[in-house]
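Chain by chain, the residues:
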Amino acid sequence: MKYFIRAVKYLIYFVVLFLVIVAILCLVLNHPLSSFTTLFKEGSMWQIAVLFAVIAAAYPALGFRKNHITLDGPFSGYRDVIKQTLDDADFELVSEDDEKMVFRQKKGYMRFTRMWEDAVTFFKGEDRIYVDGPIKDTTRLISNIYYNYRMRNPKDQY
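Residues numbered from 1 in each chain as written. Predicted model: local features only at pLDDT ≥ 70, side-chain atom pairs only at ≥ 80, totals over all residues. Heavy atoms only, no water.

1. Overview of the overall build of the protein chain
Scanning the protein chain for helices and strands turns up five helices and five strands. The order of helices and strands in the protein chain, counted from the N terminus, is α-α-β-α-β-β-α-β-β-α. Here the C-alpha radius of gyration of the protein chain, 21 Å, is well above what a compact globule of 158 residues would show, namely 15 Å. With respect to the principal axes defined by its C-alpha atoms, the protein chain has extents near 65 × 30 × 30 Å. In the protein chain, which comprises 158 residues, the share counted as buried stands at 30%. Contacts in the protein chain between residues at least 24 apart in sequence constitute 52% of all its contacts with a sequence separation of at least 6. Only carbon and sulfur atoms are counted for the fraction: they give 61% of the accessible area of the protein chain, which is about 10200 Å². When the 21 positive and 18 negative side-chain charges of the protein chain are each reduced to one mean point, those points stand 4 Å apart. (Helix = DSSP H or I, 4+ residues; strand = E, 2+ residues; numbered from the N terminus. Rg over C-alpha atoms; globule rule 2.2 N^0.38 Å. Buried < 20%, exposed > 50% of the residue type's maximum accessible area, 1.4 Å probe, protein only. Contact = heavy atoms within 4.5 Å. Areas by Shrake-Rupley, 256 points an atom, 1.4 Å probe, with all protein chains shown as cover. Lys, Arg positive; Asp, Glu negative; His and termini not counted. Charge placed at Lys NZ, Arg CZ, Asp CG, Glu CD.)

2. Details of unusual backbone geometry
Residues other than glycine seldom take positive phi values, yet Asp 90 does so here, at roughly 65 degrees. Mapped onto the elements, Asp 90 comes out in the loop between helix 3 (76-88) and strand 2 (91-96). Phi angles above zero are rare outside glycine, and Trp 116 is one such case at about 60 degrees. Locating Trp 116 in the fold gives a position in the loop between helix 4 (108-113) and strand 4 (120-124). Taking relative accessible area as the criterion, Trp 116 reaches 46% and is therefore assigned partly exposed.

3. What about the nonpolar core?
Note on soluble globular proteins: their nonpolar side chains tend to be buried together. Judged by nonpolar contacts, the single largest core of 19 residues is most densely connected at Ile 69, Tyr 78, Ile 82, Leu 86, Phe 122, Ile 129 and Ile 145. Among the secondary structure elements, those contributing two or more residues to this core are helix 3, strand 3 (100-105), strand 4, strand 5 (128-134) and helix 5 (135-152). If you look at the next biggest cluster of nonpolar residues, it comprises ten residues, including Phe 14, Val 22, Ile 48 and Met 115. (Core = buried A, V, L, I, M, F, W, Y, C linked by side-chain atoms within 4.5 Å.)

So this is what it looks like as structure tokens:
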């Protein structure tokens, strides 16, 4: 269900972005907004709609990922590093229980630009922490968590 909701959100996002760009083109070209479809070849609107639907359907699979952090010790040794790293990256802890920690962007405009799909979830495991969220965030945050952990525990290196 989460995948479907993300796909619908991105379809709406693409359509709105398309309409904004077409409106700007109409204003620049002094073309009436009421007949913006005349800017395109006849019969191409359904092709554009299909293209948007395909991209929106594929984007959640390409833009979100579940990755992992391999632990060198107990989760408690990583918890403070994770919280500090995400705080430095402008994320706030929204909820935490025995199984997971959920973080969201602090800034409203960042949440808006990501259509409220900005949650980064850390699932606690025995020897791994699984991280679920947008690829660009999870990749950057995992790298920063490893770096910050090594800086706090220099004796554990190599």
